[in-house]
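Chain and residue survey
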Amino acid sequence: MPAGTRSGPRRRAWAALVISTLVAVSMLAPAITARAQSSARVFIFGQSGDATKLDPALIEDGLSSRVTEQIFETLVEFDGSSTRIRPALAENWDVSADGKTWNFYLRPGVRFHDGTPFDAQAVKANFDRWQFQTGDPFHKAAEFIYWNDVAGFNELIDRTEVIDPLTFRITLKDASGPFLPNLAQFTFAIVSPLALANNVEDLSSNPVGTGPFKFVEWVRGDHVTLAANPDYWGGRPQIDQAVIRVINDNAARFFELQAGNIDFMEFPNPDDVRFARNDPNLQVLLRPSLNIGYIDFNQFDPKFADARVRNALAMATNKQRIVDALYGGTGVNARQMLAPGMQGYNEAIPEIPYNPGAAKEMLSAAGYPNGFTTEFWYMPVDRPYFPNPQVIAQAVCADWAAVGVRCDLKTKDWAAYRVDARAQKYPVWMLGWTGDNGDPDNFLYFFFGTFSGRGQPNYNTWDNKQVRDLLLRAQRSVDYDERERLYRDVATVVRQEMPKIPFANTTPPLLARSYVQGYYPNPTSAELFKTVTVDR
Amino acid sequence: MLAYTLRRFLALIPVLAGVSVIVFLFLHLIPGDPAEAMLGDRATAENAARLRTAYGLDQPWSVQYALYMGKVLQGDLGRSVRSSNPVSAELAQRFPATAELALAAMLLAIGIGVPAGIISATRRGSAFDHGSMVLALAGVSMPIFWLGLMLAWFFGVQLKWLPFSARLDTGTRYVPLTGLLVIDSIVRGDWGLLVQTVRHLALPAIALSTVPMAIIARMTRGAMLEVLQLDFVRTAHAKGLRDFSVIARHALKNAMLPVVTVIGLQVGALLSGAILTETIFSWPGIGRWIYESIQFRDYPVVQSMTLFVAAIVVVTNLLVDLSYAALDPRVRYR
Amino acid sequence: MLLFLLLALVAPFIAPYGADQQALADRLKAPSAAHWFGTDDLGRDVLSRVMIGSRISLRVGVLAVVLALLSGSLLGLVAGYLGGWTDSLFMRLMDVVLAFPPTLLAIGIVAMRGPSLDMALVAIGIVSIPVYARLARSQALSLKEREFVTAARCLGATAPRIVGAHVLPNALSPLIVQATLGIATAIIEAAALGFLGLGAQPPTPEWGLMLTNARAFIINAPWAMVFPGAAIMVTTLAFNLMGDGLRDALDPRARA
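Residues numbered from 1 in each chain as written. Chains lettered and ligands numbered in written order. Predicted model: local features only at pLDDT ≥ 70, side-chain atom pairs only at ≥ 80, totals over all residues. Heavy atoms only, no water.

1. Some words on the packing of aromatic side chains
Residues and elements named next belong to chain A.
- Counted according to the given criterion, the structure contains 46 aromatic pairs over all chains.
- Both rings, one in Phe254 and one in Phe275, keep their centres 6.2 Å apart while their planes meet at 85 degrees; by these two values the pair is edge-to-face. You can see Phe254 sitting in helix H9 (residues 250-258) and its partner Phe275 sitting in helix H10 (residues 270-277), a full 21 residues away along the chain.
- A residue is classified by how much of its surface remains accessible, and Phe254, at 0% relative accessible area, is buried.
- When the ring of Trp377 is compared with that of Tyr426, the centres are 4.2 Å apart and the planes differ by 15 degrees; the resulting orientation is stacked. Of this pair, Trp377 sits in strand S15 (residues 372-377) while Tyr426 sits in the loop between helix H16 (414-422) and strand S17 (428-434), and the two are 49 residues apart along the sequence. As far as the burial class goes, Trp377 and Tyr426 line up, both buried. (Phe/Tyr/Trp six-rings, centres within 6.5 Å; stacked < 30°, edge-to-face > 60°. Helix = DSSP H or I, 4+ residues; strand = E, 2+ residues; numbered from the N terminus. Buried < 20%, exposed > 50% of the residue type's maximum accessible area, 1.4 Å probe, protein only.)

2. Re a nonpolar patch on the surface
Residues and elements named next belong to chain B.
- Residues Val21, Leu25, Leu29 and Trp61 make up a contiguous nonpolar surface patch of roughly 340 Å² in combined accessible area.
- Broken down by element, the nonpolar patch gets its largest block of residues, three residues, from helix H1 (residues 2-29).
- Tracing the sequence through the fold places Val21 in helix H1.
- A relative accessible area of 30% means that Val21 is categorised as partly exposed. (Patch = residues over 30% accessible without salt bridge, like charges linked within 9 Å, V, L, I, M, F, W, Y side chains within 5 Å. Areas by Shrake-Rupley, 256 points an atom, 1.4 Å probe, with all protein chains shown as cover. Salt bridge = Lys/Arg side-chain N within 4 Å of Asp/Glu carboxyl O.)

3. A few points about helix H3 (residues 45-54) of chain B
Residues and elements named next belong to chain B.
- Along H3, the positions that sit buried rather than exposed are Asn47, Ala48 and Leu51. Buried residues of H3 fall within an arc of 100 degrees about the axis and therefore sit on the same side.
- Just past H3, the residue Gly56 takes up positive phi, approximately 70 degrees. (Arc of directions from axis to C-beta.)

4. Remarks on the pairing of strand S19 (residues 509-513) of chain A
Residue and element names in this part refer to chain A.
- Burial analysis of S19 places five of its five residues in the buried class, the great majority of the element.
- Here S19 shows two buried faces, one formed by Pro509, Leu511 and Arg513 and the other by Leu510 and Ala512.
- Strand direction decides the pairing type here: strand S11 (residues 264-265) and S19, joined by two bridges, are antiparallel. Counterpart to Phe264 in the pairing with S19 is Ala512.
- By the bridge criterion, five bridges tie strand S12 (residues 282-286) to S19 in an arrangement that is antiparallel. Residue pairing for S19: Leu286 is matched across the bridge by Pro509. (Pairing = 2+ DSSP bridges.)

5. Here's the deal with helix H6 (residues 129-143) of chain C
All names here are of chain C.
- The terminal C-alpha atoms of H6, which comprises 15 residues, lie 21 Å apart, in line with the 21 Å expected from a rise of 1.5 Å per residue.
- All of the buried residues in H6 are Ile129, Pro130, Tyr132, Ala133, Ala136, Ala140 and Leu143. For H6, the buried positions fall inside an angular range of 155 degrees around the axis, keeping them on one side. (Expected span 1.5 Å × (residues − 1).)

6. Topic: the interface of chain A and chain C
- Across the contact, 25 residues belong to chain A and 20 residues belong to chain C.
- With both sides pooled, the region where chain A packs onto chain C buries about 1900 Å², and carbon together with sulfur makes up 55% of that total.
- Taken as a group, Asp271, Gln390 and Gln394 of chain A account for 25% of the area that chain A buries against chain C, more than any other trio of residues on that side.
- Along the contact surface separating chain A from chain C lie two salt bridges.
- In this structure, Arg27 of chain C and Asp271 of chain A form a salt bridge, with 3.2 Å as the shortest nitrogen-oxygen distance.
- Taken together, the connections running from chain A to chain C amount to eight residue pairs in polar contact (both at pLDDT 80 or more).
- Listing elements by their share of the side of chain A that touches chain C, those giving two or more residues are H9, H10, helix H13 (319-326), helix H15 (389-401) and strand S16 (405-410) of chain A.
- Looking at which element gives the most residues to the side of chain A that touches chain C, the answer is H15 of chain A, with five residues.
- Partitioning the side of chain A that touches chain C into residue classes produces 12 nonpolar, six polar and seven charged. (Contact = heavy atoms within 4.5 Å. Buried area = accessible area lost by both parts, 1.4 Å probe. Polar contact = N/O pair within 3.5 Å; in protein donor to acceptor, adjacent residues only side chain to side chain. Nonpolar A, V, L, I, M, F, W, Y, C, P; charged D, E, K, R; others polar.)

7. Here we look at the sheet that holds strand S6 (residues 157-164) of chain A
All names here are of chain A.
- What the four strands build is an open sheet, ordered S4-S5-S7-S6; its pairing is antiparallel. Both edges of this open sheet fall to strand S4 (90-95) and S6, since each of them pairs with a single strand only. For this sheet, the mean angle separating the axes of adjacent strands, direction not counted, is 20 degrees.
- Sheet topology places S6 next to strand S7 (residues 167-172); six bridges connect them, and they run antiparallel. Residue pairing for S7: Arg159 is matched across the bridge by Thr171.
- Taken strand by strand, helix H3 (residues 120-131) contacts strand S5 (101-106), S6 and S7, and its axis lies near 165 degrees from that of S6. (Axes fitted to C-alpha atoms, helices over the stretch in contact; angles between N-to-C directions.)

8. Concerning the confidence of the model for chain C
Residues and elements named next belong to chain C.
- Here chain C averages 82 in pLDDT, and 95% of its residues register 70 or above.
- Considering each helix and strand of chain C separately, the mean pLDDT is smallest for helix H11 (residues 252-255), with a value of 46, and largest for helix H5 (residues 117-127), with 90.
- The complex prediction reports pTM at 0.84, with the ipTM value standing at 0.81. (pLDDT = per-residue confidence, 0-100.)

9. Some thoughts on the environment of Ala334 of chain A
All names here are of chain A.
- Relative to the helices and strands, Ala334 is located in the loop between strand S14 (331-333) and helix H14 (356-365).
- On a C-alpha basis, the gap between Ala334 and Glu351 in space is 7.4 Å, while along the polypeptide they are 17 residues apart.
- Ignoring any residue separated from it by four or fewer positions in sequence, one finds Ala334 in contact with Ile292, Lys319, Pro502, Phe503, Ala504 and Asn505.

10. Points about the state of the cysteines
All names here are of chain A.
- Following the criterion strictly, the structure yields one disulfide over all chains and no others.
- Residue pairing for Cys397: its cysteine sulfur links by disulfide to Cys407, the two sulfurs lying 2.3 Å apart. Here Cys397 and Cys407 share a disulfide; its torsion about the S-S bond, -90 degrees, makes the bridge left-handed. Of this pair, Cys397 sits in helix H15 while Cys407 sits in strand S16, and the two are 10 residues apart along the sequence. (Disulfide = S-S within 2.5 Å.)

11. Section: the side chain of Thr236 of chain C
- On the secondary structure map, Thr236 of chain C appears in helix H10 (residues 223-250).
- By relative accessible area, Thr236 of chain C is classed as buried at 0%.
- Within the structure, Thr236 of chain C has its side chain in polar contact with the backbone oxygen of Ser141 of chain B (distance 2.9 Å).
- Setting aside anything within four residues of it in sequence, one finds Thr236 of chain C in contact with Ser141 of chain B together with Ala184, Ile187 and Ile188 of chain C.

12. Quick look at the sheet that holds strand S9 (residues 223-228) of chain A
All names here are of chain A.
- Read across the sheet, seven strands follow the order S8-S9-S10-S1-S11-S19-S12 without closing on themselves; strand pairing throughout is mixed. The open sheet has two free edges, formed respectively by strand S8 (213-219) and S12, since each of these has just one partner strand.
- Taken together, the six bridges between S8 and S9 define a ladder with antiparallel strand orientation. The partner of Lys214 across the bridge, within S9, is Ala227.
- Across the face of the sheet, H10 comes into contact with S12 and S19 while running at roughly 125 degrees to S12.

Right, here's the structure in full:
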């Protein structure tokens, strides 16, 4: 190349350099727009995904209910950090001696965000919407999962009546233990009948309730903004705005909390919880435990039909050590298929001993002196009870390898995983449960209450009539002591038979900036922003 | 030319039809359906069956396909099973985010890749040439998700220079005009918003631009080297034209052809990379949306969005082909 | 490059620890004399895992490319040589595949059978078929009019024979160059699928999978993220360098 011909490109290069430097400097300059009108008190919650819909009757996920619970209210609600029931839209209630007739006395003077009054007619409109499966213009029948499948209200509720503008009566066909706690679930929130009548589709993206916050905007995949309701019956919330931001990645969400761009976050990585404990700007809040992670056996597989094999594998797992190492100090070694502190939790049942020697003997007795190889399915997503299933599975399998049981680790995406688990396609798999209302029926009946036989979709492959009978009796009873006794008996049988290995109960951690106060972590995740204060 | 253009556009139809069939088949071959995915553990089998009926999922897939395509041809992209929102409405809200990110990445890639390639070619063997080509090689060798995380961790967390999630600071209210924040803020003269936008764009755009930038730089250098050997460039030199004008008028114009081709091919790669980038940087665009929709078996969203993205890819490539004529008068179409 | 191949070959013998040797007591330890690259969240030695992981990445990269190369060349050569309907059909099919963003297509393929290293390998292979098909087709198009092919045709050779004996060998060198570069891309794509949880299954020390895990403790133990990432980079760099070198050697114009 001839000399002296470089001025052109060099000049261009310089120009490019200058421009890029300018751009870089302008980007690094402190943000000119200060954070969200600094005078307003904004509470920013970082959550792991976007809401799907904002119509409380149509949702079943915690990401959506976090939003709807601030906008809508139920007749009764969970009290602070417990599963005790306290009044909400119903000021009080009474129940007839036979446990079938419930009168709810509604709170006077309450109005929906659209200005229409809240009264017994409004409650009735919502119950009608939930209950009538066909011919009702307000819903697609099949979506009322909680009504039909969780609470079983279709079979339970006989009729509902407006007695006077502030009295609402529900008549049941049978007495029911879990009835009242079921009504506290987010899905039974009262929606403005006017909004229902106007455009029910619109309700999913433009919700109208009675709650402490009004809906402002929803930028999909990014955030939902709520504003304090000045006319709220319980008094205007302390904060002016609540913003629920979507930050998918656990690590990125924690970075944002550290940087002070959000005030609060759910689902931290376990190792970040340890980190947060040592950061004076952060605090760790724990949800009281209402969950269980377990390892399930397919008893249609002859190996796992043998209780000795199941017990041997339970004893071969050093759960304590794994929970200590991998749960960030937020989990305990589970003893039974309930969370500690729940009704029916049997304190007499000890920890499952870690004893690889005995496990090996038991395997030999069952006819597997040299162990065997099995598929081991781990969940593809993190859940509070298994904060990192893939890593936990590897640790469990390392323990099993020590007694000769070799794992072939496998997974599928979450939708397919659950379908196939239910279809009994896995010999061994991990799964867990987070309770809806704190009632033991909500755990144990789901685990063991039904048996459908081989090939019929059902997570439960354990055919034990005795346990099924005990569970049914407990469900039909409203006598606290009787239910307690029945659930304790279930726990005893389950320990002997070990249909599933109870792995861990966790107190799911939430992280917050240290100035956040008044946030009550609830075991059901029903957490209300109305009491939150932010004093930066 | 017009006839040719028309013919090429018509040829896109079977391609897009093929794409729609393949997506449809895929979705129905994957285990699990929207009913199961939506209802979760708490639903009974009867309830799932009711939901299937409500959404027409109990029909044979050929019927479902015909119904779906019939709607698409009328401009109806369907409703999301998950959010019951019209796909088109959500697309309108989300696509600008991805478009802005992809455009920014593309501008970065071209703005740095092309000059770097030219300078490397004209100063072949210099330190700049070696340096930039090693960097370019490193660029194509880097997993984009790794680079993204490293950028977020280093510039966002350690140095605290730049934000690493979302398009705007939390609490910034903004009413979209075009949805492209850079353009909106300039149009409205809101400089604070512009700075905020650019700061938020910086890290994801850099992460997304790395691979195309490296490829463009390498391609530009190669094409330039070839052109610089050609007779007419030498002639131009011999005529005493200044080096700069030789490069600008003669060499560059001729070298642009392969470069433009490569740029066109990068569009698909950018949209692909957006899936990972948007996840790492919490970017509310369509890449993450498609990925989540696959997880939730949200058939209408996955079908319509795949078709949409495929349409962008094929149309871009067609435009690139057509631009050959504009760039090189020797190319003629019949 | 050679060094890397050698490393992959001998890794199991020289790695200081087993790839799956856990020690929960030693989790997330910083790099030290005992663990040069530190340990991960199950207390496994990152250096050993990176070393043994090289075999997996190499295997995926090579096999995916071989799959794509074989099927792509076959499609392309046949399409290019026969022309007409076959050509249009095959090439439209390739256009369809190309119209998908590659990651999306790979996600779809993997989702059908559930994630595994083999499915990831197949998915990456399928996604990259069009590149080879197009390349092979353009070679076939230009070669089929050349004298020696025409001569063979006049001598009554069958189409498969002409393609196999005359067209393919002459079309090979650009395909091989592309394949070398393709291995680098395949390794990155395998890592990306691993990162999305759609590739290799634990406890396989696949680099992308190691990165997915390491993401959870990037603040506490950045080494678990840095070293596998760097390993991917160095490896793909090596393949890219080799591809460039091959191209320069085989293509006289590029050397100019």
